[in-house]
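Listed below are the residues making up each chain.
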Amino acid sequence: MAKAGKSMQVGGTKKTVEQVAKTIFVTLMFLFYMIPFFMVIINSLKRKVNIVKNPLALVDDKGFQFVNYVKAFTEMDFGSAFFNSILVSGVSVILILLFSSMAAYLFVRTDWLACKIFFALMVAYMVVPFQVIMIPLVSIYGNVFGILNSRATLIFMNLGFGTGMAIFMCHGFIKTNVPMALEEAAKIDGCTRPQIFFKVVLPLMKPILSTILILNLLGLWNDYLLPNLVLGKKTLYTLPLAIRTFYGTFSNDLGKIMAALVMIVAPIIVVYICLQKYIIGGVVAGAVKS
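Everything numeric here is computed off the predicted structure, so don't read it as measured data.

(A) Structural context of helix H6 (residues 130-144). Given a rise of 1.5 Å per residue, 15 residues ought to cover 21 Å, and the 20 Å separating the end C-alpha atoms of H6 matches this to within 8%. Roughly 25 degrees is the biggest bend found in H6, and it falls at Pro136. Of the residues making up H6, those classed as buried are Phe130, Met134, Leu137, Val138 and Tyr141. For H6, the secondary structure elements touched by its buried residues are helix H7 (151-177) and helix H11 (225-230). Immediately beyond the C-terminal end of H6, within one or two residues, lies Gly146, with a positive phi of roughly 65 degrees.

Now the structure itself:
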């Protein structure tokens, strides 16, 4: 009995040591990963000369320079750019969630050949890099249709580029996590196909839709390339475009750039923290089972 108790004690101690070692390792990796973000915050509170001279210093010679935030907010027209980012990202994500969930439901619950073909095309499209089609895309929408410099055009493009992955994830979730018995019961109660989708299926898709929401919102909020190709007027700039105000031909205003970066990243970090619990759960729940 003594030997058994001693063995259990040793095993427990070994497990505790392993847990502590893992915790320390993960903490160190987190701090290492966050160093660039901490440096941005620190340098946003310093003058340009001190950022160049000593970027690792924690405090400016003359104290914290909060004036960088005031000047960045005014000069980049933060209010207008923030509204544009909210409008483009918000509407794009809502449309992606709605159309992707509806299309995935149709693909799963119908045995039409057209649905199988379109779903295969959606999955295949995900491997095509955006850089391959960006020049033809802009040429067609700009030269042929003449509809660039429009937030609606950008939202339409975001919808097209975002639905492939979203449909794939919703398809797997509906196939494995939404039982047909619930839909059959609703049909017996007199629900139509749209009512079944919106009242039965859609509420059950909350985990995967939350995952799609945060992933697409992160991507669209930080997107620079597509808005740069579509939006040419300064009044239509989103936040990643508006920050170009501080980049000159011969010099850059580093203090204002750092302050602007903090203001751009802060809102999306708050959203991510609020929804982070849904990300892993939604991805796992949407895994496709053969």
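(B) The arrangement of the packing of aromatic side chains in detail. In this structure the tally under the stated criterion is 10 aromatic pairs. For the pair Phe130 and Phe161, a centre-to-centre distance of 5.1 Å together with 90 degrees between the ring planes defines the contact as edge-to-face. Separated by 31 residues along the polypeptide, Phe130 in helix H6 and Phe161 in helix H7 bring together distant segments of the chain. Taken together, a centroid distance of 5.0 Å and an interplanar angle of 80 degrees make the contact between Phe197 and Phe198 edge-to-face. According to the relative accessible area criterion, Phe197 is buried, its value standing at 4%. The rings of Phe73, Phe78, Phe82 and Trp221 are connected pair by pair, giving a single aromatic cluster.

(C) Summary view of the environment of Gln131. Within the fold, Gln131 resides in helix H6. Spatially, the C-alpha atoms of Gln131 and Leu225 are 9.5 Å apart, while their sequence positions differ by 94 residues.

Basis of the calculations
Along each chain, numbering runs from 1 in the same order as the chain's sequence is written. It should be noted that, the model being predicted, local features are given only for residues of pLDDT at least 70 and side-chain atom pairs only at 80 or more, the latter also being counted only at that level, while totals for whole chains, interfaces and linings use all residues. Calculated side-chain values reflect all of the structure's heavy atoms, with hydrogen atoms and water omitted. Only DSSP runs of H or I with at least four residues qualify as helices, and only runs of E with at least two residues qualify as strands; both kinds are numbered from the N terminus onward. How far a helix is expected to stretch is found by multiplying one less than its residue total by 1.5 Å. In this scheme, the bend at a residue equals the angle between the axes fitted to the seven residues that finish there and the seven that begin there. Burial classification: accessible surface area is computed with a 1.4 Å probe over protein chains only, and a residue below 20% of its type maximum counts as buried, one above 50% as exposed, and the rest as partly exposed. Any two residues having at least one pair of non-hydrogen atoms within 4.5 Å are treated as being in contact. Between the rings of Phe, Tyr and Trp (Trp by its six-membered ring), a pair exists once the centres lie within 6.5 Å; its type follows the angle of the planes, with under 30 degrees stacked, over 60 edge-to-face, and the other angles tilted.

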